[in-house]
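Read off the chains here:
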Amino acid sequence: MIIADNILKEKLKNVYFITGSGKTTIANEMSKYIGNCYVYHTDNRGPFFKLADPKYQPAMCRDVPDYFALDKDDAHNWECNIVKEFTPMILIDLIYLSSQYDVVICEGDINLELIIDAIVKENMVYIKHIGKTGDFFDRPEQRHMLDIIINDDSLSKEEKKLKIEKIYDIVGRHNDEIKEDSIPNVIKNNDIQVIVRYDNNTVEENANKVLEYFDFHIR
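Anyway, here's the lowdown on the structure attached to this text. Every chain is numbered independently, its residues counted from 1 as its sequence is written. Only residues with pLDDT of 70 or above have their local features reported here, since the model is predicted, and side-chain atom pairs are shown and tallied only from 80 upward, although totals for entire chains, interfaces and linings are computed over all residues. The side-chain figures draw on all heavy atoms in the structure; neither hydrogens nor water molecules are used.

1. Notes on the packing of aromatic side chains
Planes of paired rings set the category: under 30 degrees apart is stacked, over 60 is edge-to-face and the rest tilted, where pairs are Phe, Tyr or Trp rings (Trp by its six-membered ring) whose centres lie within 6.5 Å. Within this structure, the stated rule accounts for 6 aromatic pairs. Arranged with centres 5.1 Å apart and planes meeting at 25°, the rings of phenylalanine 48 and phenylalanine 86 form a pair that is stacked. One end of the pair, phenylalanine 48, is in helix α3 (residues 46–51); the other, phenylalanine 86, is in helix α4 (residues 72–98), with 38 residues separating them in the sequence. Comparing phenylalanine 48 with phenylalanine 86 shows no difference in burial state: the two are buried. Ring plane angle 50° and centroid distance 5.5 Å describe the contact between tyrosine 213 and phenylalanine 214, whose orientation is recorded as tilted. On the accessibility criterion, tyrosine 213 (30% relative accessible area) is partly exposed. Classification of phenylalanine 214 as buried rests on a relative accessible area of 8%. Clustering of aromatic rings is evident, with ring pairs tying together Tyr16, Tyr213, Phe214 and Phe216. For the purposes of this entry, the term helix denotes a DSSP run of H or I that reaches at least four residues, the term strand denotes a run of E that reaches at least two, and both are numbered from the N terminus. Residue burial is assigned from relative accessible area. The probe radius is 1.4 Å, only protein chains are included, and a residue is buried under 20% of its type maximum, exposed over 50%, and partly exposed in between.

2. What to know about the packing of helix α2 (residues 23–31) against helix α9 (residues 203–214)
A fitted line through C-alpha atoms serves as each axis, taken over the contacting stretch for helices, and the angle formed by two N-to-C directions is quoted from 0 to 180°. The geometry of α2 relative to α9 is characterised by a closest axis approach of 9 Å and an angle of 70° between their N-to-C directions. Taken together, the axis directions place α2 and α9 in an arrangement best described as roughly perpendicular. Seen from α2, the contacting residues are Thr25, Ile26, Glu29 and Met30; seen from α9, they are Val203, Glu204, Asn206, Ala207, Val210, Leu211 and Phe214. Roughly parallel means an angle under 35 degrees; roughly antiparallel means over 145; roughly perpendicular covers 65 to 115; every other angle is labelled oblique. Throughout, a contact is declared for two residues whenever any of their heavy atoms are within 4.5 Å.

3. Points about the pattern of salt bridges
Throughout this description, the term salt bridge denotes a Lys or Arg side-chain nitrogen within 4 Å of a carboxyl oxygen of Asp or Glu. Within this structure, the stated rule accounts for 5 salt bridges. Between lysine 32 and glutamate 29 there is a salt bridge whose closest N-O contact spans 3.0 Å. Since its relative accessible area comes to 6%, glutamate 29 is described here as buried. Among the charged side chains, a network of salt bridges with common partners joins Arg45, Glu79 and Asp109.

4. Looking at the side chain of glutamate 107
On the secondary structure map, glutamate 107 appears in strand β3 (residues 103–107). Contact partners of glutamate 107, with chain neighbours within four places excluded, come to Ile18, Lys23, Thr24, Ala27, Val39, Tyr40, His41 and Thr42.

This is the structure:
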């Protein structure tokens, strides 16, 4: 069964998408000022994987004992395919939530190419970070992956070092140099609003930029 984009767009007209860098913090801050608002975080993948079937979601059902033992390109492509497979599940959740709340903010990993024609494009922003890049493992939700290796007594110091280097090959390394992140083609080609986030901006300032663009009437 195929659901036409215009039907999906109508059902998702009060859903707002935040993508790019710093989206979780901005979405959570925005929700403080919007009445009857729900923030949907796509990083809660557990329910998606419970629904996965190898016939329809082969990437989600792939058995990989050690993700960080994968080749860098293989790891990247696998992650992209996983996101592509659970994106329709996200849309189903969002359609339900949009009937329960005045405003739904969706932030996190989602396949933009798959949804771009099924959403109101004015309801999406891309947060572009210009500034110092942080360490992937500074976040508590990711730190445990590094701690598992550090606390693994079955590995020698050299093995731990090599494994940690492998991890950083996949997730990227901390860089203290000021840089300008590239903008995905799907964002540029569809005239999605780009909002720049600098290191000296406060969370409130970043959230206000998005609130202003979406023209929300703050409660």
